[in-house]
Amino acid sequence: MALLNFRKRDPEIVDGFNPQLEAFLDGYSIEMMPRTAAKVEDFTALLPKGTRVYIAHIEGTPIEDMVETAKRLATAGYAVMPHFPARIIKDKATLDNWITMYRGEAGVEQALLLAGGVAAPHGDYHSSMQLLESGAFDGFKRLHVAGHPEGNRDIDPNGGTANVDDALQWKQRFSETTDAEMALATQFAFEAAPIIEWADSLKAAGITIPIHIGIAGPAKLQTMIKFAMACGVGPSLKVLQKRAKDVTKLMLPFEPTQVLTELAAHKAAHPDSNIERVHFFPLGGIKTNANWAIQHGGASAVPANPVEST
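Residues numbered from 1 in each chain as written. Predicted model: local features only at pLDDT ≥ 70, side-chain atom pairs only at ≥ 80, totals over all residues. Heavy atoms only, no water.

**Focus: the packing of aromatic side chains**
Rule in force here: In summary, the pairing rule links any two rings of Phe, Tyr or Trp, Trp by its six-membered ring, whose centres are within 6.5 Å, and it sorts them by plane angle into stacked for under 30 degrees, edge-to-face for over 60 and tilted for everything else. Secondary structure elements are defined from DSSP: runs of H or I of at least 4 residues count as helices, runs of E of at least 2 residues count as strands, and each element is numbered from the N terminus. We call a residue buried when its accessible area falls under 20% of the maximum for its residue type, exposed when it is over 50%, and partly exposed in between, using a 1.4 Å probe and counting protein chains only.
On inspection of all chains with the given rule, the structure shows 11 aromatic pairs. Each ring, one from F43 and one from Y78, has its centre 6.2 Å from the other, and the planes form 75 degrees; the classification is edge-to-face. Here F43, found in the loop between α3 (34-37) and β2 (52-55), pairs with Y78, found in the loop between α4 (63-75) and β3 (79-85); they are 35 residues apart in sequence, far enough to count as distant. As far as burial versus exposure is concerned, F43 and Y78 are alike and both buried. With a centroid separation of 6.2 Å and an interplanar angle of 45 degrees, the aromatic rings of F84 and W98 are classed as tilted. Of this pair, F84 sits in strand β3 while W98 sits in helix α5 (residues 92-106), placing them 14 residues apart in sequence. Of the two residues, F84 and W98, both sit in the buried class.

**Re the packing of α4 against α5**
Rule in force here: Axes here refer to lines fitted to C-alpha atoms; in helices the fit is confined to the stretch in contact. Angles between the N-to-C directions go from 0 to 180 degrees. Small angles under 35 degrees read as roughly parallel and large ones over 145 as roughly antiparallel, with 65 to 115 read as roughly perpendicular and the rest as oblique. For any helix crossing, the convention is left-handed if the near helix is rotated counterclockwise from the far helix by under a right angle, and right-handed if that rotation is clockwise. For this analysis, residues touch if any pair of their heavy atoms sits within 4.5 Å. Under the convention adopted here, Pro, Cys and the residues Ala, Val, Leu, Ile, Met, Phe, Trp and Tyr are nonpolar, Asp, Glu, Lys and Arg are charged, and Gly plus all remaining residues are polar.
One way to put it is that α4 packs onto α5 with a least axis distance of 9 Å and a crossing angle of 30 degrees. Taken together, the axes of α4 and α5 are roughly parallel relative to one another. The two elements α4 and α5 meet at a crossing, and its hand is right-handed. Residues I63, E64, M66, V67, A70, K71 and A74 of α4 form the contact with α5, whose own contacting residues are W98, M101, Y102, E105 and A106. Considering only residue class, the contact of α4 with α5 consists of 9 nonpolar, no polar and 3 charged.

Nothing here speaks to function; it is geometry throughout.
This is how it looks when you write it as structure tokens:
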């Protein structure tokens, strides 16, 4: 398998950068919440203009705060992609109102549609598929849906991937009829091999929707483990658990350098791979994540001196 081969190679480092990693980071996206975005005075000191910024909609966040964050980012020159979690949307009127506000006040043309992190629906919707078939997003230029490289116990409570697979086949058929560009934005994982195996399995099953692979940005190991357990990350969690046993590394931040270097090498060796982009979950903070990207060539359009992390 190609994975074994690329792990043996050390790509040439040019001017301090790994060119494969730099190429793989091109066009990366990142996630924010209104409360974290409010702490950033100048986005342009951190992120290249045009970066796609997902706005995470956590239950209880007022839609006005979401829209104001979208407006601020759009005004600063960023491509804004708000979350639409189906299970916290009460009804079609609420959905239409959110869309009207986003489009009217922030010019939003992109959206991430997902079921959401609550167990029981608050209203008429329980899945991203219902949102897609509602027609409410007609005219959007880009629509992303969730992907799960390590399965999802909320969807397949008994393990396996049967329900997830059926949903992906439905979304594949939808992608062939919509004018919107689509992609799978995935949950984060920490090991390249399961990601590559999952992506290859989708391709073999006829799922051609491009994959924007979720990666956790630099964070304290304890923080990373907490989020991984809360989000149901499975097989690759052993990477963190192994590191936690090494007392010399326990207090050091965990960085995504290894997993991204391996994925970048795979992409370079297999340019037709359905793994298309990187999507960051900044678990250790927006500035910390942005600085890491700058240091690894993923943000050459921003000032050369990264800002101080917070």
